[in-house]
There are 2 protein chains.
Amino acid sequence: MTPATSLFTPVEADLRILADNLKQLVGNRHPILYAAAEHLFGAGGKRIRPAIVLLIARATMLEQDITSRHRRLAEITEMIHTASLVHDDVVDESQMRRGVSTVHSLFGNRIAVLAGDFLFAQSSWYLANLDNLEVVKLLSEVIMDLAAGEIQQGLNRFDTNISIETYLNKSYYKTASLIANSSKAAGILSDVSPETAEHLYNYGRHLGLAFQIVDDIFDFTSSVETLGKPVGSDLKSGNLTAPVLFALAEKPYLEVLIEREFAQEGDLEQALRLIQESQGIQQARELADHHAKLATEHIAVLPPSESRQALINMANYVLSRLY
Amino acid sequence: MTPATSLFTPVEADLRILADNLKQLVGNRHPILYAAAEHLFGAGGKRIRPAIVLLIARATMLEQDITSRHRRLAEITEMIHTASLVHDDVVDESQMRRGVSTVHSLFGNRIAVLAGDFLFAQSSWYLANLDNLEVVKLLSEVIMDLAAGEIQQGLNRFDTNISIETYLNKSYYKTASLIANSSKAAGILSDVSPETAEHLYNYGRHLGLAFQIVDDIFDFTSSVETLGKPVGSDLKSGNLTAPVLFALAEKPYLEVLIEREFAQEGDLEQALRLIQESQGIQQARELADHHAKLATEHIAVLPPSESRQALINMANYVLSRLY
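None of these values were measured; they are calculated from a predicted model.

The rules we used
Residues numbered from 1 in each chain as written. Chains lettered and ligands numbered in written order. Predicted model: local features only at pLDDT ≥ 70, side-chain atom pairs only at ≥ 80, totals over all residues. Heavy atoms only, no water. Axes fitted to C-alpha atoms, helices over the stretch in contact; angles between N-to-C directions. Helix = DSSP H or I, 4+ residues; strand = E, 2+ residues; numbered from the N terminus. Parallel < 35°, antiparallel > 145°, perpendicular 65-115°, else oblique. Left-handed = near helix turned anticlockwise from the far one by under 90°. Contact = heavy atoms within 4.5 Å. Nonpolar A, V, L, I, M, F, W, Y, C, P; charged D, E, K, R; others polar. Buried < 20%, exposed > 50% of the residue type's maximum accessible area, 1.4 Å probe, protein only. Salt bridge = Lys/Arg side-chain N within 4 Å of Asp/Glu carboxyl O. Buried area = accessible area lost by both parts, 1.4 Å probe. Polar contact = N/O pair within 3.5 Å; in protein donor to acceptor, adjacent residues only side chain to side chain. Phe/Tyr/Trp six-rings, centres within 6.5 Å; stacked < 30°, edge-to-face > 60°. Expected span 1.5 Å × (residues − 1). 1 Å grid on protein atoms, 1.4 Å probe; cavity = no way out; pocket = protein on both sides within 12 Å on 5 of 7 lines; lining within 4 Å. Points joined across faces, edges and corners; volume = space filled by probe spheres on them. pLDDT = per-residue confidence, 0-100. Core = buried A, V, L, I, M, F, W, Y, C linked by side-chain atoms within 4.5 Å. Least-squares fit on C-alpha atoms with pLDDT ≥ 70 in both.

Student: What exactly am I supposed to notice about the packing of helix 9 (residues 194–221) of chain A against helix 16 (residues 306–320) of chain A here?
Tutor: Residue and element names in this part refer to chain A. At a closest axis distance of 9 Å, the pairing of helix 9 and helix 16 adopts a crossing angle of 25°. Here helix 9 lies roughly parallel to helix 16, going by the angle between them. Note on packing geometry: the crossing formed by helix 9 with helix 16 is left-handed. Within the contact between the two elements, helix 9 uses Y203, L207, A210, F211 and V214 and helix 16 uses L311, M314, A315 and V318. Grouping the constituent residues of the contact of helix 9 with helix 16 by class yields nine nonpolar, no polar and no charged.

Now the structure itself:
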């Protein structure tokens with residue numbers, strides 16, 4: 001299995017600059033934000049989102065170097081993502097993320113709400129200062145989608161009637177919108193044609209959906225150590241993902257367990273067993289596969305380059321994690 | 001005493017349209033947001049901020065009608081203000097605001113954080129769709145200032161060394177920035193000269209500071225019934241405002257009480273008494289007076305009109321509330 005970071009070779013130096021810049025940008029106004037920024041933009045993150053932006057920038061600026069606006073867009077993408085994680089942790093009262101204490105548990109509710117607000121606000125401000133209205137619109141849409149996705153997920157808790165379409169729609173809001181719109185924005189900053197911009201959007205959309213489906217499968221197939229949270233956490237909290245929705249068609253008793261919100265002892269364990277016995281996880285794998293393949297088709301419109309290859313590898317890598 | 005709303009006569013019809021639009025705009029995506037929007041944009045609010053935007057729009061578009069972009073700016077202004085109130089209530093764990101239950105106490109922490117995020121996100125999105133980069137930049141700055149102001153207020157709790165300048169700076173971030181930048185933006189949408197735009201900014205800045213100082217005085221002079229919260233609430237939470245900072249110069253023992261965070265019985269009552277006995281409240285009144293007067297000077301550059309008069313009256317009204 002290829003580690004994610006080795007996929008980023010063409011933009012490794014760019015990502016180092018980005019990490020330093022982010023700590024500077026976020027931390028320079030307040031000591032408490034500096035502490036939060038150190039924590040947030042330190043060693044932990046995988047920086048997949050800015051890496052995609054930078055790879056698209058390089059793959060669309062073949063002859064020339066990428067611009068400072070491409071770099072700023074990559075930073076904004078990571079800021080938006082981080083802001084949404086900080087607020088998600090407040091909302092879900094999470095103590096840990098990726099094995100690291102959350103801002104919410106380290107600094108309290110108060111600072112976590114404010115730090116998230118500040119990161120969102122700062123990303124809007126840097127966005128406006130990119131001086132490109134189209135890009136401002138694309139990324140503002142993302143911030144709205146993130147909030148809408150989180151609200152929708154809350155409303156759909158323990159609802160066994162939601163369709164795979166509703167699930168994909170929510171996954172678009174929560175994960176794919178940011179990758180899709182920032183991929184397109186990176187192309188726009190390179191002055192690609194409107195057709196290419198749409199292909200970049202669709203690359204990001206399908207890649208983001210594949211990411212989310214794979215993450216949701218891990219909730220059932222990974223160990224506590226790799227996940228950094230107990231197996232079946234999503235299911236327990238009523239967040240019904242692809243494996244569950246597929247399994248429901250096969251195992252009617254699953255519906256009973258979910259609708260009583262695992263109230264009786266052994267309910268959650270029994271539900272996890274039913275899902276394992278079903279074709280749900282396999283069908284979810286096929287769905288992830290489908291979206292990853294579509295992603296590679298859309299990115300194929302770019303001229304060949306080391307960066308384009310890295311973007312194709314990214315889609316393959318997502319799937320490789322499943323086997 | 002003139003009720004605030006009668007100042008709004010020239011834009012009364014505009015404000016009714018605005019109230020309907022806001023409920024529509026915010027509520028149309030999710031039932032829970034619709035409930036929150038009904039609550040937030042219902043009868044309660046004074047709508048001072050959008051009224052100022054609409055009055056400036058009318059005062060700068062004398063011959064023509066105001067545009068849909070002016071109306072949208074007024075709506076955005078109220079959305080940003082409301083979003084910041086929703087998160088302030090989460091951060092401060094407030095149960096009531098203006099005698100009405102907070103979103104946080106009605107719907108829970110979770111929905112309050114998300115509803116605030118959604119309102120901020122939606123305002124950024126509508127902002128981008130005004131198609132005016134200068135306006136986008138001005139209002140993004142506001143969202144950043146609001147977060148920075150709240151953080152600064154948190155950091156300065158019980159710090160008796162802060163100066164009146166620090167206090168005014170924080171008040172600018174928390175209150176005046178929104179009024180100043182949206183006043184300027186309203187002028188920009190009417191194509192005023194850069195000089196006039198600066199005067200509008202300064203009108204809003206001084207008016208906003210006067211507003212905040214008057215509000216801070218009310219924490220000491222009002223009754224529980226008018227305030228909707230106990231007298232001395234700011235002081236108790238360590239938020240040191242103009243009357244306290246002025247009183248500190250006169251009553252050294254106040255410092256002792258504040259620095260031990262009113263730990264001993266009777267400390268808060270004694271501190272309130274010391275402030276009442278000092279010239280602090282009077283000096284704060286003079287400071288509010290000074291800023292309100294500066295506001296009227298800056299707005300005087302506009303040609304005479306019913307709307308300009310309403311903007312002048314607004315500054316006088318702020319002060320009239322004190323006597």
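Student: Help me understand the side chain of A:S307, please; the structure alone is not making it clear to me.
Tutor: Mapped onto the elements of the fold, A:S307 is located in helix 16. On the accessibility criterion, A:S307 (6% relative accessible area) is buried.

Student: Sorry, what's going on with the pattern of salt bridges here?
Tutor: Side chains that differ in sign of charge can pair as their charged atoms come close. Under the definition given, this model contains 22 salt bridges over all chains. Taking the shortest distance from any N to any O, the salt bridge between B:R72 and B:E75 comes out at 2.8 Å. Of this pair, B:R72 and B:E75 are both found in helix 4 (residues 68–92), three residues apart, which corresponds to roughly one turn of the helix. Of the residues examined, B:R72 reaches a relative accessible area of 26% and is grouped as partly exposed. Each member of the salt-bridge network shares a partner with another, and the members are A:D14, A:R58, A:D65 and A:R71.

Student: Is there a simple way to explain the interface of chain B and chain A in this structure?
Tutor: Bring the parts together and some accessible area is lost; that lost area is often taken as the interface size. Every contact between the two is made by 41 residues of chain B and, on the other side, 40 residues of chain A. Buried surface at the junction of chain B and chain A, summed over both partners, amounts to about 3800 Å²; 67% is from carbon and sulfur atoms. Summed over the shared surface of chain B and chain A, the result is two salt bridges. Between A:K137 and B:D131 there is a salt bridge, with its nearest N and O atoms 2.9 Å apart. Between the two partners, chain B and chain A, sit seven residue pairs in polar contact (both at pLDDT 80 or more). With 15 residues, helix 7 (residues 133–155) of chain B is the largest single contributor of residues to the side of chain B that touches chain A. Per-class residue counts for the side of chain B that touches chain A are 21 nonpolar, ten polar and ten charged.

Student: Please clarify how the packing of aromatic side chains should be interpreted in this entry.
Tutor: Geometry of an aromatic ring pair is reported as the spacing of the ring centres plus the angle between the planes. Residues and elements named next belong to chain A. If you walk through the whole model with that rule in mind, you get six aromatic pairs over all chains. Note on F158 and F262: the rings are 6.2 Å apart at their centroids and 65° apart in plane angle, and the pair reads as edge-to-face. Of the two residues, F158 is situated in the loop between helix 7 (133–155) and helix 8 (164–189) and F262 in the loop between helix 13 (252–259) and helix 14 (267–277); the sequence distance between them amounts to 104 residues. When sorted by exposure, F158 lands in the same class as F262, which is buried.

Student: Looking at this structure, how should I read helix 7 of chain B?
Tutor: An α-helical turn contains 3.6 residues, so a residue and the one three or four places further along point in the same direction. Residues and elements named next belong to chain B. Its 23 residues give helix 7 an end-to-end C-alpha distance of 33 Å, which sits within 8% of 33 Å, the value for a rise of 1.5 Å per residue. Among the 23 residues of helix 7, 17 are classified as buried, and the element is accordingly described as predominantly covered. For helix 7, the capping residue at the N-terminal end is N132, with a side-chain oxygen 3.1 Å from the backbone nitrogen of E134.

Student: I tried to follow empty space enclosed by the protein on my own but got confused; where do I start?
Tutor: One simple way to see leftover space: roll a probe sized like a water molecule over the atoms. What the rule picks out here adds up to five cavities of 30 Å³ or more. Looking at the largest cavity, its volume works out to about 90 Å³. Lining the largest cavity, in full, are A:D117, A:F120, A:A121, A:S124, A:I143, B:D117, B:F120, B:A121, B:S124 and B:I143. Mapped onto the lining of the largest cavity, the elements with two or more residues apiece are helix 6 (109–128) of chain A together with helix 6 (109–128) of chain B. For the lining of the largest cavity, the residue count by class is six nonpolar, two polar and two charged.

Student: Explanation requested: the packing of helix 8 of chain A against helix 9 of chain A in the structure shown.
Tutor: Two quantities define a packed helix pair, namely the angle between the helix axes and the distance between the axes. Residues and elements named next belong to chain A. Put simply, helix 8 and helix 9 touch, their axes get as near as 7 Å, and they point 145° apart. Considering how the two elements wind past one another, helix 8 and helix 9 form a crossing that is right-handed. Considering only residue class, the contact of helix 8 with helix 9 consists of 14 nonpolar, eight polar and four charged.

Student: Is there a simple way to think about helix 9 of chain A in this case?
Tutor: The terminal C-alpha atoms of helix 9 of chain A lie 40 Å apart, and with 28 residues this matches the ideal 40 Å at 1.5 Å per residue to within 8%. Counting buried positions along helix 9 of chain A gives 21 out of 28 residues, so the element sits mostly inside the fold.

Student: What is the right way to look at the confidence of the model for chain A in this model?
Tutor: A residue-level look at chain A finds 90% of positions with pLDDT of 70 or above and a mean pLDDT of 89. For this predicted complex, the interface confidence comes out at an ipTM of 0.83, alongside a pTM of 0.88.

Student: Is there a simple way to explain the nonpolar core in this structure?
Tutor: Looking at soluble globular proteins, one finds that nonpolar side chains tend to be buried together. Formed by 227 residues in total, the largest nonpolar core has its most connected members in A:I52, A:L139, A:L235, B:I52, B:L139 and B:L235. Excluding residues within four positions of it along the chain, A:I52 makes contact with A:I179, A:S183, A:Y203, A:L207, A:F211, A:L311 and A:M314.

Student: I'm lost on the environment of A:A186 in this one. Help?
Tutor: Residues and elements named next belong to chain A. With respect to the secondary-structure elements, A186 resides in helix 8. Once the C-alpha coordinates of A186 and I217 are considered, the two residues, 31 residues apart in sequence, prove to be 30 Å apart. Setting aside residues up to four positions removed in sequence, A186 forms contacts with V53, I56, A57, T60, H70 and L73.

Student: Explain the side chain of A:D117 here, please?
Tutor: Among the secondary structure elements, A:D117 is positioned in helix 6. Residue classification places A:D117 among the buried residues on the basis of a relative accessible area of 9%. Side-chain polar atoms of A:D117 contact the side chain of B:H87, separated by 2.7 Å. Residues in contact with A:D117, not counting those within four places in the same chain, are A:H87, B:H87, B:D117, B:F120 and B:A147.

Student: I tried to follow the relation of the copies chain B and chain A on my own but got confused; where do I start?
Tutor: The operation relating the two chain copies consists of a rotation about an axis and a shift along that axis. The transformation that overlays chain B on chain A combines an axial shift of 0.0 Å with a rotation of 180°, and the residual RMSD is 0.0 Å. Expressed as a symmetry operation, the mapping of one chain copy onto the other fits a two-fold axis. A share of 98% of interface residues in chain B that are also interface residues in chain A marks the association as one of identical surfaces.

Student: Help me out: how do you make sense of unusual backbone geometry in this one?
Tutor: Across residues other than glycine, the phi torsion is negative in most instances, and most of the peptide bonds are trans. All names here are of chain B. Phi is positive for D131, which is not a glycine, with a value near 60°. The phi dihedral of E261 falls on the positive side, at around 55°, and the residue is not glycine. Following the sequence through the fold, E261 ends up in the loop between helix 13 (253–259) and helix 14 (267–277). A relative accessible area of 47% places E261 in the partly exposed class.

Student: Explain the environment of A:S177 to me, please; I cannot follow it from the model alone.
Tutor: Here A:S177 is to be found in helix 8. Taking the C-alpha atoms as reference points, A:S177 and A:E141, 36 residues apart in sequence, are found 8.3 Å from one another.

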